[in-house]
Amino acid sequence: MASARPEKSSRWYFGGLASAGAAYCTHPLDLLKVLYQTDIRNNVSMLQLSREIIRDDGLTALYSGVSAAVLRQLTYSTTRFAIYEIGKQSDYGKDSGFFGRIVMAAIGGTVGGFVGSPADLINVRMQNDVKLPPEKRRNYKNAIDGIIRVWREEGFRRLFAGASSATARSVFMTIGQLTFYDQAKYTLFETGYFTDNIGTHFLASVIAGGIATTMTQPIDVVKTVMMNAKPGEFSSIGAILRHISKLGPVGFFKGFVPRFIRLGPHTVLTFIFLEQLRINFGVLKSQ
């Protein structure tokens, strides 16, 4: 007999902890994804980029910006998971169904995307530093140093450069990951062949990762270019779209494969970590 439903619920902060752990594990893949999206060469591959980085800066360069990546998840993902979980466990959420969970995920994604924008900006910049000449690198010591320097050198508003695209991406990412993960997991339970175990969590998270990658890829490309731009480089969002479209429609899906290679494992690890936290340290539903 399959488990009808998990016996415990997640605590509001579990999503942030799980996402931070997953971000640390998958950071090299995320770094390569960012570099690939911002590279204007048409014939460069992910493998070539990794070789160039290791050749020029050593193996540790693959973890450039990891402090910002972890900080981003502790702000962005803690917020979006918390709003989604609190909403899902409320009286409204228990009876809302699939479309109700989409609404809760959209709200969580909106707030989380905005809250996480400063750390996201620093994350992109620290990752992109490794491909710049030494004299042009920003050389942030860590995520906090990066935030302070941007505030002092470029102004507070610059910390939220790309916040609109980051928020839009966050909405679709949260819907793709959280809503479709829950839906996939419950659908698997209903077949009678799956129980609340790591195999079910893995399969449901792979499904959610594929959906989330497809939904957010064009927005992610725009966000990456916007956050990595120098002040005044692009006059508007239209200028960024024209810049990306120079490669044709495929430009908006540049980096799809390396991004899925990164986002797939990140989504899988996030939900596996989250489920283990829920199973071992969650709140009993009867309480």
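Please read these numbers as outputs of a predicted model, since none were measured by experiment.

**Q** Can you walk me through the environment of P28 in this structure?
**A** With respect to the secondary-structure elements, P28 resides in helix α1 (residues 14-38). Note on P28: relative accessible area 16%, which makes it buried. Between the C-alpha atoms of P28 and Y63, which are 35 residues apart in sequence, the distance is 5.8 Å. Excluding residues that lie within four positions of it along the chain, P28 makes contacts with L62 and Y63.

**Q** Help me out: how do you make sense of helix α9 (residues 198-228) in this one?
**A** Because an α-helix completes one turn every 3.6 residues, residues spaced three or four positions apart along the sequence face the same direction. Compared with an ideal rise of 1.5 Å per residue, which puts 31 residues at 45 Å, α9 spans 38 Å between its outermost C-alpha atoms and falls more than 12% short. Sitting at the amino-terminal end of α9 is N197, which places a side-chain oxygen 3.2 Å from the backbone nitrogen of G199.

**Q** Honestly, helix α6 (residues 117-128) in this entry has me stumped. Any pointers?
**A** In this model, α6 (12 residues) spans 16 Å end to end at C-alpha, consistent with the 16 Å of a helix rising 1.5 Å per residue. Counting buried positions over the 12 residues of α6 gives 12, a clear majority of the element. All of the buried residues along α6 are S117, P118, A119, D120, L121, I122, N123, V124, R125, M126, Q127 and N128.

**Q** Honestly, the confidence of the model for the protein in this entry has me stumped. Any pointers?
**A** Any segment with low pLDDT has predicted coordinates that should not be analysed in fine detail. Chain-level pLDDT for the protein is 87 on average; 96% of the residues reach the 70-or-more range. Here helix α4 (residues 91-94) stands out as the least confident element of the protein, with mean pLDDT 74; helix α7 (residues 143-154) is the most confident, with 95. With pLDDT under 50 throughout, residues 1-5 is counted as low confidence; its partners more than four residues away or in other chains account for 13 contacts.

**Q** Could you clarify how one ought to interpret the pattern of salt bridges in this entry?
**A** Oppositely charged side chains can form a pair if their charged atoms are brought close together. Enumeration according to the criterion identifies 12 salt bridges in this entry. A salt bridge links K88 to E85; its shortest N-O distance comes to 3.4 Å. Linking K88 with E85, this pair stays in helix α3 (residues 66-89), spanning three residues, or about one helical turn. Here the two residues K88 and E85 agree in accessibility, since each one is buried. Here D220 and R169 are joined by a salt bridge, their closest N and O atoms 2.7 Å apart. Pair noted here: D220 is in helix α9 and R169 is in helix α8 (residues 163-190), with a separation of 51 residues, a long-range link. Here the two residues D220 and R169 agree in accessibility, since each one is buried. Each of K185, D196, E275 and R278 takes part in one network of salt bridges that share partners.

**Q** Would you mind showing me how to read the packing of α9 against helix α11 (residues 256-281) here?
**A** Helix packing for two helices is described by the angle between their axes and how far apart those axes are. One can describe the packing of α9 onto α11 by two numbers: an axis separation of 8 Å at closest approach and a directional angle of 140°. Between α9 and α11, the crossing angle belongs to the class labelled oblique. Every pair of crossing elements has a handedness; the one defined by α9 and α11 is right-handed. Looking at side-chain class alone, the contact of α9 with α11 contains 12 nonpolar, nine polar and four charged residues.

Reading the values: rules and limits
- Residues numbered from 1 in each chain as written.
- Predicted model: local features only at pLDDT ≥ 70, side-chain atom pairs only at ≥ 80, totals over all residues.
- Heavy atoms only, no water.
- Helix = DSSP H or I, 4+ residues; strand = E, 2+ residues; numbered from the N terminus.
- Buried < 20%, exposed > 50% of the residue type's maximum accessible area, 1.4 Å probe, protein only.
- Contact = heavy atoms within 4.5 Å.
- Expected span 1.5 Å × (residues − 1).
- Polar contact = N/O pair within 3.5 Å; in protein donor to acceptor, adjacent residues only side chain to side chain.
- pLDDT = per-residue confidence, 0-100.
- Salt bridge = Lys/Arg side-chain N within 4 Å of Asp/Glu carboxyl O.
- Axes fitted to C-alpha atoms, helices over the stretch in contact; angles between N-to-C directions.
- Parallel < 35°, antiparallel > 145°, perpendicular 65-115°, else oblique.
- Left-handed = near helix turned anticlockwise from the far one by under 90°.
- Nonpolar A, V, L, I, M, F, W, Y, C, P; charged D, E, K, R; others polar.

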